[in-house]
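So the chains spell out like this:
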Amino acid sequence: MSGTIRMALAAAAIAGGLTGPALAQDKVLNAVPYADLRNLDPVWTTAIITRHHAYMIYDTLFAMNSKLEPKPQMIGDYSISDDGMSYSFTLRDGLKFHNGDPVTTADVIASITRWEARDNAGGALANATESLTAVDDKTFELKLASPFGLVLDTLAGLSGPFIMPEAVAQTDPFEQVKDYTGSGPFVFNEAEWVPGNKVVYDKFEDYVPRDEPADGAAGGKVVKVDRVVWSYLPDPATALAALQTGEIDFWEAPPADLLPVVEANPDTEAGVLDPFGLIVILRPNHLYPPFDKKEARQAMMYAVKQSDYMTAMVGNPDYWQECPSLMMCNTPMETSAGGGEIMLDSDMDKAKELMSSVYDGETVIVMHPTDHPSGPTALLTADLLRQMGVKVELQAMDWATLTSRRSSKNAPDDGGWSIFHTRTGVGSASPISHSGVAAGETAWFGWPQNEEVEALRAKWAAEPDQAKRFAIMEELETLMMDTAPFVMLGQITSPSAWRSNVSGMLSSPVLGFWNIEVE
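Residues numbered from 1 in each chain as written. Predicted model: local features only at pLDDT ≥ 70, side-chain atom pairs only at ≥ 80, totals over all residues. Heavy atoms only, no water.

**Digging into the nonpolar core**
Logical step 1: The biggest cluster of nonpolar side chains holds 150 residues, and the ones touching the most others in it are Leu385 and Phe513.
Logical step 2: Not counting the four nearest positions on each side in its chain, Phe513 is found in contact with Leu29, Ala31, Met56, Phe186, Val228, Trp230 and Phe250. (Core = buried A, V, L, I, M, F, W, Y, C linked by side-chain atoms within 4.5 Å. Buried < 20%, exposed > 50% of the residue type's maximum accessible area, 1.4 Å probe, protein only. Contact = heavy atoms within 4.5 Å.)

**A look at the packing of aromatic side chains**
Logical step 1: Enumeration over the complete set of coordinates arrives at 17 aromatic pairs.
Logical step 2: With 5.6 Å between their ring centres and 85° between their planes, Tyr180 and Phe188 make a pair best called edge-to-face.
Logical step 3: A ring pair is formed by Trp417 and Trp447, whose centres lie 5.9 Å apart and whose planes are at 45°; its orientation type is tilted. Of this pair, Trp417 sits in the loop between helix H13 (399–405) and strand E17 (419–424) while Trp447 sits in the loop between E17 and helix H14 (451–462), and the two are 30 residues apart along the sequence.
Logical step 4: Taking the ring centre of Tyr302 as reference, the NZ or CZ of Lys350 above it sits at 6.0 Å.
Logical step 5: Seen from the ring of Trp460, Arg469 lies directly overhead, with NZ or CZ sitting 4.5 Å from the centre. (Phe/Tyr/Trp six-rings, centres within 6.5 Å; stacked < 30°, edge-to-face > 60°. Helix = DSSP H or I, 4+ residues; strand = E, 2+ residues; numbered from the N terminus. Lys NZ or Arg CZ within 6 Å of the ring centre and 35° of its normal.)

**What to know about the packing of H14 against helix H15 (residues 466–483)**
Logical step 1: Where H14 meets H15, the closest approach of the two axes is 9 Å, and the angle between their N-to-C directions is 165°. Here H14 lies roughly antiparallel to H15, going by the angle between them. Handedness of the crossing formed by H14 with H15: left-handed. Across from Glu452, Val453, Leu456, Arg457, Lys459, Trp460 and Ala461 in H14, the residues of H15 making contact are Arg469, Ile472, Met473, Glu475, Leu476 and Leu479. (Axes fitted to C-alpha atoms, helices over the stretch in contact; angles between N-to-C directions. Parallel < 35°, antiparallel > 145°, perpendicular 65-115°, else oblique. Left-handed = near helix turned anticlockwise from the far one by under 90°.)

**Some details on helix H9 (residues 294–303)**
Logical step 1: In terms of residue burial, H9 counts as a mostly covered element, since seven of its 10 residues are buried.
Logical step 2: For H9, the complete set of buried residues consists of Ala296, Arg297, Gln298, Ala299, Met300, Met301 and Ala303.
Logical step 3: Among the structural elements, strand E13 (278–284), helix H11 (348–356), helix H12 (375–387), H15 and strand E18 (487–492) are those in contact with the buried residues of H9.

See below:
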């Protein structure tokens, strides 16, 4: 297909987002997110694109500001007992769902309960909770059974809880919700949603923002446009052309090699909006051979060379760094205890030795997302596995398909999988919220199980002293370098690009389209 035809199709897709209920005088922000939105439930999946969607249509009880400090969002007042074991929360005035119903504590408690069943940090909070009860329609109480010094941080976590109507939140947490009613600053326009093409959000006229200035995910979410349209343009050349001609206003994740073109155009700008960045990880399936054996997982730690992965995925060294920790680097819990340096420089002899000790001829299924920034990592991993004598099937798919398939516990040869790669954000600075660390009931896709890991996570969360907490983290890191729940492939920052007539972009790990103006 020629570039001209691709551009015409892109223009048609974008134009489609401007038709329908939107009026000619409406202010519309046209954006290109990093991936297609197919899965809409932020409890069912941890995909960042779904989290973006959740912040558009739902609201949260607390939220992290740009300094990662928890701040009230839907909460108006709260109090904590002197012993830190009881919390009282009161919802602020004016909260209502998109259908006009008021937000009540029944909605809050149901939403928290569903979220706790799947979320790593939520599960840790649930394990420390004695009771969560409503006092009346606006006030609820949380009582702890054991010390947990991260209650507010957990409720402000980037993965929720997102508050849904009680009837919706009663959906089985292992099934996706079918009703997308929220109370956030935008309304999801389901009628105009075209998977693989566009997502449309309309301003929620009855949303009451907080009085404080917007700051990270916290503060007043003042919406300054009437509509936001996400257009799925997986071809970078098409997205770049659309940005340069003004057919789109914002591009979430342009490849680093195209940034000089963006910066050379006086009508476009580029910058890093998420100052914390993302870690890139390789996640093996712990349920099936060979990765049900820790030796096979350890083999992957010895096989990788982070700089190879980062060069293939990002290229420009200004936007990536090596990280010898399983926790996010440049954060308080970064540690290479247990020998994390082995992930920086490949030792293929050691990798082959470990793999050969447990490998029994199985075909390893590596999922390869062709439309996602992590796509090149799958190719490198497949090559390393072949060097170790492993039979590999590299299965190409789009990111939306991968995020659905990775939830399957079927055997790899029956619609399941063996390895996927992904990026995850600043939640990976804490062993409570890090997707790859939990090894109990709320374990993330890959499903490791380890009682010692869970005990150390709980001990870490209960310890108020920072020095003692770091010592626990080093013990946990050492254990994980032995059990190898995942492999760290490096750390990146991901620049975005926008038209010069767009202002109000926030420095935040959350991509929200409040506070943004299009002139």
